[in-house]
Amino acid sequence: MYQTLSGEAMRIDPSIENWHYGYPLMATTAGAIVLSWFYRQARHRFNPADLVLMVCALASAGYLLVAYNTNIRMSTGTSFAPSGISWAAIAGSLLILELTRRVAGLALVVISAVFLTYVFAGPYLPGF
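Residues numbered from 1 in each chain as written. Predicted model: local features only at pLDDT ≥ 70, side-chain atom pairs only at ≥ 80, totals over all residues. Heavy atoms only, no water.

Draft legend 1. Focus on the overall build of the protein. When helices and strands are counted, the protein shows 5 helices and 2 strands. Starting at the N terminus, the α and β elements of the protein follow one another as β-β-α-α-α-α-α. Taking all 128 residues of the protein together, the buried fraction comes to 28%. Long-range contacts, defined as pairs at least 24 residues apart, comprise 56% of the intrachain contacts of the protein with a sequence gap of at least 6. (Helix = DSSP H or I, 4+ residues; strand = E, 2+ residues; numbered from the N terminus. Buried < 20%, exposed > 50% of the residue type's maximum accessible area, 1.4 Å probe, protein only. Contact = heavy atoms within 4.5 Å.)

Here's what the structure looks like:
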């Protein structure tokens, strides 16, 4: 279940981490975002989707604060990085985009999505 890294750091097996943290976090985050689009209620009260989004935000931030120690920080961006960091970053980005949509409107979210798409698709685009 746990793998030992150099420096006596313990790490969860990636398949277990994906199954118990990554997939549920992404499913609940995406589901709550979609549910919040359709669930309208008075502005002074929380709807259930907002409460689920708060829990997802705490799960993402909590993972990065608890599991992101010095030894793991050195492996970010490499194949040795835990998959939970990627799941927390994706869920956090989705949560920030949803908050941006609520505060500033859809135009800023579309512009941000274009730039995020360019980050991943840029190397595959043709040059001048």
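Draft legend 2. Highlighting the layout of surface pockets. What the second largest pocket holds in volume is close to 210 Å³. Elements represented by at least two residues in the lining of the second largest pocket include exactly α4 (83–104) and α5 (106–121). Looking at which element gives the most residues to the lining of the second largest pocket, the answer is α4, with 6 residues. Considered class by class, the residues forming the lining of the second largest pocket number 7 nonpolar, 2 polar and no charged. (1 Å grid on protein atoms, 1.4 Å probe; cavity = no way out; pocket = protein on both sides within 12 Å on 5 of 7 lines; lining within 4 Å. Points joined across faces, edges and corners; volume = space filled by probe spheres on them. Nonpolar A, V, L, I, M, F, W, Y, C, P; charged D, E, K, R; others polar.)

Draft legend 3. Main features of the packing of helix α2 (residues 48–67) against α4. It is at 9 Å that the axes of α2 and α4 come closest, and there the two elements cross at 140°. Taken together, the axis directions place α2 and α4 in an arrangement best described as oblique. Note on packing geometry: the crossing formed by α2 with α4 is left-handed. Contacts from Asp 50, Leu 53, Cys 56, Ala 57, Ser 60, Tyr 63 and Leu 64 of α2 reach α4 at Gly 84, Ile 85, Ala 88, Ala 91, Gly 92, Leu 95, Glu 98 and Arg 102. Looking at the contact of α2 with α4 residue by residue, the classes come out as 9 nonpolar, 3 polar and 3 charged. (Axes fitted to C-alpha atoms, helices over the stretch in contact; angles between N-to-C directions. Parallel < 35°, antiparallel > 145°, perpendicular 65-115°, else oblique. Left-handed = near helix turned anticlockwise from the far one by under 90°.)

Draft legend 4. Summary view of the pattern of salt bridges. Taken as a whole and judged by the stated rule, the model has 3 salt bridges. The partner of Glu 98 in a salt bridge is Arg 101, with the nearest N and O atoms 2.7 Å apart. On the criterion of helical spacing, the pair formed by Glu 98 and Arg 101 is a turn pair, its members being 3 residues apart in helix α4. (Salt bridge = Lys/Arg side-chain N within 4 Å of Asp/Glu carboxyl O.)

Draft legend 5. Structural view of the side chain of Ser 60. Considering the arrangement of structural elements, one finds Ser 60 in helix α2. Its relative accessible area of 4% is what places Ser 60 among the buried residues. Ser 60 has contacts with Tyr 21, Leu 25, Ala 88, Ala 91, Gly 92 and Leu 95, leaving out every residue within four places of it along the chain.

Draft legend 6. Spatial organisation of the side chain of Ser 83. Residue position: Ser 83 is located in helix α4. Setting aside anything within four residues of it in sequence, one finds Ser 83 in contact with Pro 14, Glu 17 and Asn 18.

Draft legend 7. The packing of aromatic side chains, seen in detail. The tally for this structure, following the rule as stated, stands at 3 aromatic pairs. The interplanar angle of 85° and the centroid separation of 6.4 Å between the aromatic rings of Trp 19 and Tyr 23 together place this pair among those described as edge-to-face. Of this pair, Trp 19 and Tyr 23 are both found in helix α1 (residues 14–38), 4 residues apart, which corresponds to roughly one turn of the helix. The exposure class assigned to Trp 19 is exposed, which follows from its relative accessible area of 60%. Through a chain of ring-to-ring contacts, the aromatic side chains of Trp 19, Tyr 23 and Trp 87 assemble into a single cluster. (Phe/Tyr/Trp six-rings, centres within 6.5 Å; stacked < 30°, edge-to-face > 60°.)

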